[in-house]
Each structure stands twice: as C-alpha cells, then as structure tokens.
Amino acid sequence: DYMNYLIIERQLSSNTIDAYKRDLYSFFNYAKKGYKSVIKTDIINYISSLDIDPKSINRHIVTLKNYFKKHNSLKIRVCFMLKIFSLRRENVCE
C-alpha cells in the first residue's frame, strides 16, 4: 500500500502524508479511473485545472510523480510530462 510506503520507508510526517492523501483523492476523483488506466492527458488536464497557489501545485506534481513512479503504471515518461508544469526552480525528476 502506498500510504504504508510513505510512513515506513519514506518516514514522512503525518501532515505530509495527509496532504498526499488529499492530493491523490483529488486527482482520482477528477480522473474517474483507476491508476492503471491513467494516461498522460489525465494528469496534464488535472494539473491545468488546479486553481491553487504555486506551492500547492508543485506538491500535487510531486505527489503524482512519486505515486506513479512507485507503481510503475504509466507507459509514458511521467517525469518529462510533469516537468512541463513544474513551477519550482529545481528539477522535479531528481
């Protein structure tokens, strides 16, 4: 389970885990499909639809990047696609 991975292996704070849960819930509620069916366009459209501050957008990007990287479920280069939307100065793929 991804949340256990965040707690045990990544040792993230409970606030961070709660934010990741909200981000993932928001994304899958928007996409209306399971993670194995998500395509690049779903993520691009979702990120484009967010009307929140840049730091929160970046957190959504990182949440999705890490989730799909952990699940290896996208047949696209998630990192390449998410960099398009990154508002951070550093590379989200590192």
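Reading guide: rules and limits
- Residues numbered from 1 in each chain as written.
- Predicted model: local features only at pLDDT ≥ 70, side-chain atom pairs only at ≥ 80, totals over all residues.
- Heavy atoms only, no water.
- Helix = DSSP H or I, 4+ residues; strand = E, 2+ residues; numbered from the N terminus.
- Buried < 20%, exposed > 50% of the residue type's maximum accessible area, 1.4 Å probe, protein only.
- Expected span 1.5 Å × (residues − 1).
- Polar contact = N/O pair within 3.5 Å; in protein donor to acceptor, adjacent residues only side chain to side chain.
- Phe/Tyr/Trp six-rings, centres within 6.5 Å; stacked < 30°, edge-to-face > 60°.
- Axes fitted to C-alpha atoms, helices over the stretch in contact; angles between N-to-C directions.
- Parallel < 35°, antiparallel > 145°, perpendicular 65-115°, else oblique.
- Contact = heavy atoms within 4.5 Å.
- Nonpolar A, V, L, I, M, F, W, Y, C, P; charged D, E, K, R; others polar.
- Salt bridge = Lys/Arg side-chain N within 4 Å of Asp/Glu carboxyl O.
- pLDDT = per-residue confidence, 0-100.

It is worth spelling out the side chain of threonine 63 at this point. Along the polypeptide, threonine 63 turns up in helix 4 (residues 54-71). Its relative accessible area of 0% is what places threonine 63 among the buried residues.

This brings us to helix 4. Relative to the 26 Å expected for 18 residues at 1.5 Å per residue, helix 4 spans 26 Å between its end C-alpha atoms, a close match to the ideal helical length. Turning to helix 4, its buried residues are Ser56, Ile57, Asn58, His60, Ile61, Val62, Thr63, Leu64, Lys65, Asn66, Tyr67 and Phe68. Capping of helix 4 at its N-terminal end is provided by aspartate 53; its side-chain oxygen lies 3.2 Å from the backbone amide nitrogen of lysine 55.

Evaluation of the coordinates by the stated rule reveals 10 aromatic pairs. Between phenylalanine 27 and tyrosine 46, the ring centres sit 5.2 Å apart and the planes meet at 80 degrees, which makes this aromatic pair edge-to-face. Of the two residues, phenylalanine 27 is situated in helix 2 (residues 14-31) and tyrosine 46 in helix 3 (residues 40-49); the sequence distance between them amounts to 19 residues. Joined through ring pairs, the aromatic side chains of Tyr2, Tyr5, Phe27, Phe28, Tyr30, Tyr35, Tyr46, Tyr67 and Phe68 make up one cluster.

On to the packing of helix 2 against helix 4, then. Relative to each other, helix 2 and helix 4 sit at 80 degrees, their axes nearing to 9 Å. Relative to helix 4, the element helix 2 is oriented roughly perpendicular. Residue-level contacts link Ala19, Tyr20, Asp23, Leu24, Ser26, Phe27 and Phe28 of helix 2 to Arg59, His60, Val62, Thr63, Leu64, Asn66, Tyr67 and Phe68 of helix 4. For the contact of helix 2 with helix 4, the class distribution of residues is nine nonpolar, four polar and two charged.

Let us look at the pattern of salt bridges. What the rule picks out here adds up to two salt bridges. The partner of arginine 59 in a salt bridge is aspartate 23, with the nearest N and O atoms 2.7 Å apart. Taken together, the positions of arginine 59 in helix 4 and aspartate 23 in helix 2 put the pair 36 residues apart, joining distant regions of the chain. According to the relative accessible area criterion, aspartate 23 is buried, its value standing at 2%.

Turning our attention to the confidence of the model for the chain. For the chain, per-residue confidence averages 81 on the pLDDT scale, and 76% of positions sit at 70 or higher. Every residue in residues 87-92 is under pLDDT 50, and counting partners more than four places away or in other chains gives nine contacts.

Phi at glutamine 11 is positive, roughly 50 degrees, even though this residue is not glycine. Relative to the assigned elements, glutamine 11 resides in the loop between helix 1 (2-9) and helix 2. Exposure remark for glutamine 11: the relative accessible area of 66% places this residue in the exposed category. The phi torsion at lysine 32 lies on the positive side, around 55 degrees, for a residue other than glycine. Tracing the backbone through its elements, the reader meets lysine 32 in the loop between helix 2 and helix 3.

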